[in-house]
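# Structure at a glance
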Amino acid sequence: MKKTSENDNFFERVYEVVRQIPEGKVTSYGAIAKALGTARSARMVGWAMNASHNIEDVPAHRVVNRKGLLSGKHHFDGTNLMQQLLENEGIEIVDNQIVDFEKHFWFPELEE
């Protein structure tokens, strides 16, 4: 079952990046994939985020799609939890879209 361990390792690498996102900032699935050197694996990053909801120190609410949409919001308990968490960090959201997305965007870099 080598594939499972590879996925687990990839997911953990995703979580390492997500843990670095500063409060009041967001990043995208694709930006995380690019930082990991796997630019075409944004969907795998999404799967990792889906699997992270029981991991308390992974701020999954700070990961959105490339246009600033709260595309993962249905994976959070409650209807607006993702939005509430972001608004608590000072990010304005209208119609599931981050206002001034570029201003709040954080470009991940892997610390070697």
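Residues numbered from 1 in each chain as written. Predicted model: local features only at pLDDT ≥ 70, side-chain atom pairs only at ≥ 80, totals over all residues. Heavy atoms only, no water.

Here we come to a negative patch on the surface. A grouping of Glu-87, Glu-92, Asp-100 and Glu-102 is seen on the molecular surface, where their side chains present a negatively charged patch. Among the secondary structure elements, Glu-102 is positioned in helix 5 (residues 101-104). (Patch = residues over 30% accessible without salt bridge, like charges linked within 9 Å, V, L, I, M, F, W, Y side chains within 5 Å. Areas by Shrake-Rupley, 256 points an atom, 1.4 Å probe, with all protein chains shown as cover. Salt bridge = Lys/Arg side-chain N within 4 Å of Asp/Glu carboxyl O. Lys, Arg positive; Asp, Glu negative; His and termini not counted. Charge placed at Lys NZ, Arg CZ, Asp CG, Glu CD. Helix = DSSP H or I, 4+ residues; strand = E, 2+ residues; numbered from the N terminus.)

When their charged atoms lie close together, side chains carrying opposite charge are able to pair. Counted according to the given criterion, the structure contains three salt bridges. The residue Arg-19 makes a salt bridge to Asp-57 at a minimum N-O spacing of 2.9 Å. With Arg-19 in the loop between helix 1 (2-18) and strand 1 (27-28) and Asp-57 in the loop between helix 3 (42-50) and strand 2 (63-64), this residue pair connects regions lying 38 residues apart in the sequence. Judged by relative accessible area, which is 45%, Asp-57 ranks as partly exposed. Residues joined by salt bridges that share partners form a network here, namely Glu-12, Arg-19 and Asp-57. (Buried < 20%, exposed > 50% of the residue type's maximum accessible area, 1.4 Å probe, protein only.)

Moving on, we come to the environment of Val-17. With respect to the element layout, Val-17 can be found in helix 1. The buried category is assigned to Val-17, whose relative accessible area is 2%. It is 9.6 Å that separates the C-alpha atoms of Val-17 and Ala-33, two residues lying 16 residues apart in sequence.

Further remarks concern the packing of aromatic side chains. This structure, assessed with the given rule, holds three aromatic pairs. Plain terms: the ring middles of Phe-105 and Phe-107 are 4.7 Å apart, the flat faces sit at 70° to each other, and that makes the pair edge-to-face. Judged by its relative accessible area of 17%, Phe-105 falls in the buried class. Under the relative-accessibility criterion, Phe-107 is labelled exposed at 63%. Ring pairing ties together the aromatic residues Phe-101, Phe-105 and Phe-107, which thus form one cluster. (Phe/Tyr/Trp six-rings, centres within 6.5 Å; stacked < 30°, edge-to-face > 60°.)

Within the secondary structure layout, Met-82 lies in helix 4 (residues 81-88). Distance from Met-82 to Arg-62, taken between C-alpha atoms, is 8.4 Å for residues 20 residues apart in sequence.

Bringing the nonpolar core into the picture now. Counting 31 residues, the largest nonpolar core has Val-14, Val-18, Ile-32, Val-45, Met-49 and Ile-98 as the members making the most contacts within it. Elements supplying a minimum of two residues to this core: helix 1, helix 2 (29-35), helix 3, strand 2 and helix 4. No other element matches the six residues that helix 1 contributes to this core. Other than its neighbours up to four places away in sequence, Ile-32 contacts Val-14, Val-17, Val-18, Thr-27, Val-45, Val-63 and Pro-108. (Core = buried A, V, L, I, M, F, W, Y, C linked by side-chain atoms within 4.5 Å. Contact = heavy atoms within 4.5 Å.)

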